[in-house]
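Coordinate inspection notes
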Amino acid sequence: MVSDRKLKILFLATEVEDLAKTGGLADVAKALPQALTRLGHDVRIVCPFYPQVQERLKEDNHLHSELSLQLGNLQYLYNIHQLHLGDVPVYSVDYPPYFSRQGLYDNGYHAYQDNGERFAFFSMAALQITQSLDFAPDIIHCNDWHTAMAPFFLRNELADNQFFYRTRTLLTLHNAAYQGVFDLDSIPFHQRFISALSSDHMEQGNKINFLKCGLLTADKINAVSPSYAAELLTPLGSHHILSLFQHRHRDFSGILNGCNYDDWNPATDPLLPKAYDQHNLAGKAECKAHLQQYVGLPEQADTPLFGMVSRLTGQKGFHLLLPALQRFLEQNVQVVIIGSGEQELADNLRALEAQYPDKLIFREGYTSKIAHWVQAGADYFLMPSLFEPCGLTQMYSLAYGTPPIVRGVGGLKDTVKPVKPNGSIDDATGFVFSHPEPDALLDLLMQALTLFNDAPEAFKQLQQNGMAYRFCWEETAKNYVSLYHEMLLPAA
Ligand SMILES: Nc1ncnc2c1ncn2[C@@H]1O[C@H](COP(=O)(O)OP(=O)(O)O[C@H]2O[C@H](CO)[C@@H](O)[C@H](O)[C@H]2O)[C@@H](O)[C@H]1O
């Protein structure tokens, strides 16, 4: 039985929804601490102080204090701002030379050269802040490579620090393809930790791999879905670090993300032109007309509209989608894609749009409002990912009665129940294909089109099945609490 002891949890994240966001990590970094807080735990978030966070500070009461951190022969003077995300306190690390930039990790084209020192500093600062607050955490919950150095620092240079005597670390993998690999020489204070590094933490050419450092030193590791955790233990799915995952397999699990239905519910979403729910889908037609009008597509209720909201990156399966769409757009269909990221993909999408201007609209950019409009206004949602640690947008599309068309990998496999090959719906919530081939995706698109055109009742059942499904953060938070408790030292 899981103990009901309330825990002190320090949650480290480099993006948090409502403060600064580039993708799904931010959604989780808001929703999970809030859900843990509702369960009675004392959670504090630490995140960098980007200009976007500054905007938010204007609305919030904040504490403000200055700290000094000596790293090698560099002395960092930085501020901490405190704000609140609902009931959760957030401590934001204000060091302008590192964080006062418009992009979080890149300038829109290239990753910042100094990301290694930025996030190594951030991890160290978080460990200092928790001491200055006298908040001795039971758990430090780290997320992805950006904060993976925190367990490494704790296990090595802070190993004798009594303040952290009872602290245990969890590293959550939202995306293990990004590992944070840097020339060691690019980190000006690397002398401070070089003696603790071995070849296991490194890549060829004197490069440090932050994720490896975290994977080797965190007390436990988890991936954001059970299927992604299983894939990471296979040669194909391990992002080239299979031996490390195998080495830690006893401490490794998968916990499925939740969906934040406070923000993503078509019955209450203030961004929608018309509300609707599972029992009355009438408002969805209005949302579709509104989206068509907004993006400049012909307002045709009977033409199925396929939507996509995504970071533009290889992970999301654009190399399958683009050739499949090239042929699919010959049909009477509409497609709306909202995305930001790699320029080459944006160029390819623009080129396809130029070929089918009345059918395909690509909007480059990142706007939460339009993401909601697409989820509500589309008939189907596209997510043909190459790999997908969990995926949140398919959960949103299920909630919005927009059946997802996904590849059966990672969290997509764990969240979408496939329409059977014979077309029967039963308890299905979306369309799922396996082979990473454009033709496999095209087949599925054609099936989805046929269902929409020829079997409106079955299509409606598919929509309603998805809308009835719930991925509650409370459940996810309880799973994390069980894992935290497994990690604790026995009571003294
Ligand atoms: N152009 C755009 N405009 C507006 N909003 C946009 C947008 N592009 C993306 N978003 C938003 O960013 C979030 C994306 O979340 P996902 O989980 O689907 O993918 P991501 O790959 O970023 O996350 C990674 O971390 C999460 C969290 O663990 C995992 O679910 C996932 O599999 C993993 O790849 C959603 O809230 C979506 O609406």
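Residues numbered from 1 in each chain as written. Predicted model: local features only at pLDDT ≥ 70, side-chain atom pairs only at ≥ 80, totals over all residues.

**A closer look at the sheet that holds strand β8 (residues 181-183)**
Sheet strands pair via backbone hydrogen bonds, and the direction of the pair is either parallel or antiparallel. Judged by pairing direction, the sheet is antiparallel, and its three strands sit side by side in the order β8-β10-β9 without closing on themselves. Both outer strands of the open sheet, β8 and β9 (202-203), are each paired with one neighbouring strand and no more. (Pairing = 2+ DSSP bridges. Helix = DSSP H or I, 4+ residues; strand = E, 2+ residues; numbered from the N terminus.)

**Some remarks on the site of the ligand**
As a structural note, the neighbourhood of the ligand is formed by 26 residues, with G23, G24, H174, C390 and L392 the closest of them. Every element with two or more residues in the shell around the ligand is listed here: α1 (24-38), β13 (305-312), β14 (334-341) and α12 (368-377). With four residues, α1 is the largest single contributor of residues to the shell around the ligand. For the shell around the ligand, a count of residues per class yields ten nonpolar, 13 polar and three charged. (Near = placed C-beta within 6 Å. Nonpolar A, V, L, I, M, F, W, Y, C, P; charged D, E, K, R; others polar.)

**Concerning unusual backbone geometry**
Only a minority of non-glycine residues have a phi that is not negative, and only a minority of peptide bonds are not trans. In this structure, D18 takes a positive phi of about 80 degrees despite not being glycine. The class for D18 is partly exposed, based on 17 C-beta atoms found within 10 Å. Even without being a glycine, N206 presents a positive backbone phi close to 55 degrees. As for its placement among the helices and strands, N206 is situated in the loop between β9 and β10 (207-209). On the basis of neighbour counts, which here come to 11 C-beta atoms within 10 Å, the residue N206 falls in the exposed class. (Buried ≥ 20, exposed ≤ 12 C-beta atoms within 10 Å, placed from the backbone.)

**Quick notes on the domain arrangement of the protein chain**
Looking at the assigned domains, one finds that the protein chain contains domain 1 (8-258 + 473-487) and domain 2 (282-468). Look at where the C-alpha atoms of domain 1 and domain 2 centre, and you get two points 32 Å apart. Between domain 1 and domain 2, the residue contacts involve 18 residues of the former and eleven residues of the latter. Among the secondary structure elements, those contributing two or more residues to the side of domain 1 that touches domain 2 are α1 and α7 (226-232). The residue inventory of the side of domain 1 that touches domain 2, partitioned by class, reads eight nonpolar, eight polar and two charged. (Domains from an automatic or database assignment. Contact = placed C-beta atoms within 7 Å.)

**As for the UniProt feature "binding site: ADP-alpha-D-glucose" (unreviewed entry) in the protein chain**
Per the UniProt record, "binding site: ADP-alpha-D-glucose" (unreviewed entry) is annotated on K21. Turning to its location among the elements, K21 is positioned in the loop between β1 (8-12) and α1. Other than its neighbours up to four places away in sequence, K21 contacts E15 and A26. (UniProt positions renumbered as here; feature names shortened; annotations may be inferred.)

**Considering the nonpolar core**
One broad trend across soluble globular proteins is that nonpolar side chains are buried collectively. With 149 residues, the main nonpolar core has V16, I45, V336 and I405 as its most contacted residues. Counting residues per element, this core draws most heavily on helix α4 (residues 115-132), which supplies nine residues. Looking at this core, you find at least three residues from each of domain 1 (8-258 + 473-487) and domain 2 (282-468). Ignoring any residue separated from it by four or fewer positions in sequence, one finds V336 in contact with L291, V295, L305, G307, I361, V374 and A378. (Core = buried A, V, L, I, M, F, W, Y, C linked by C-beta atoms within 7 Å.)

**Overview of the packing of α1 against helix α17 (residues 473-487)**
At a closest axis distance of 9 Å, the pairing of α1 and α17 adopts a crossing angle of 75 degrees. The angle between the axes of α1 and α17 places the two elements in the roughly perpendicular class. On α17, the residues touching A31, L32, A35 and L36 of α1 are W473, E474, T476, A477 and Y480. A breakdown of the residues in the contact of α1 with α17 according to their chemical character gives seven nonpolar, one polar and one charged. (Axes fitted to C-alpha atoms, helices over the stretch in contact; angles between N-to-C directions. Parallel < 35°, antiparallel > 145°, perpendicular 65-115°, else oblique.)

**A short note on the confidence of the model for the protein chain**
In the predicted model, the protein chain carries a mean pLDDT of 96, and the fraction of residues at 70 or more is 99%. Looking at the elements of the protein chain, mean pLDDT is at its lowest for helix α2 (residues 51-57), recorded as 89, and at its highest for strand β16 (residues 380-383), recorded as 99. Our summary of model confidence lists the complex with pTM equal to 0.97 and ipTM equal to 0.98. (pLDDT = per-residue confidence, 0-100.)

**Description of the packing of helix α10 (residues 318-328) against helix α11 (residues 343-355)**
Running from amino to carboxyl end, α10 crosses α11 at an angle of 10 degrees, the nearest separation of the two axes being 11 Å. Between α10 and α11, the angle falls in the class roughly parallel. In this structure, α10 uses F318, L322, L325 and Q326 to contact α11, whose residues at the interface are L345, N348 and L352. Considering only residue class, the contact of α10 with α11 consists of five nonpolar, two polar and no charged.

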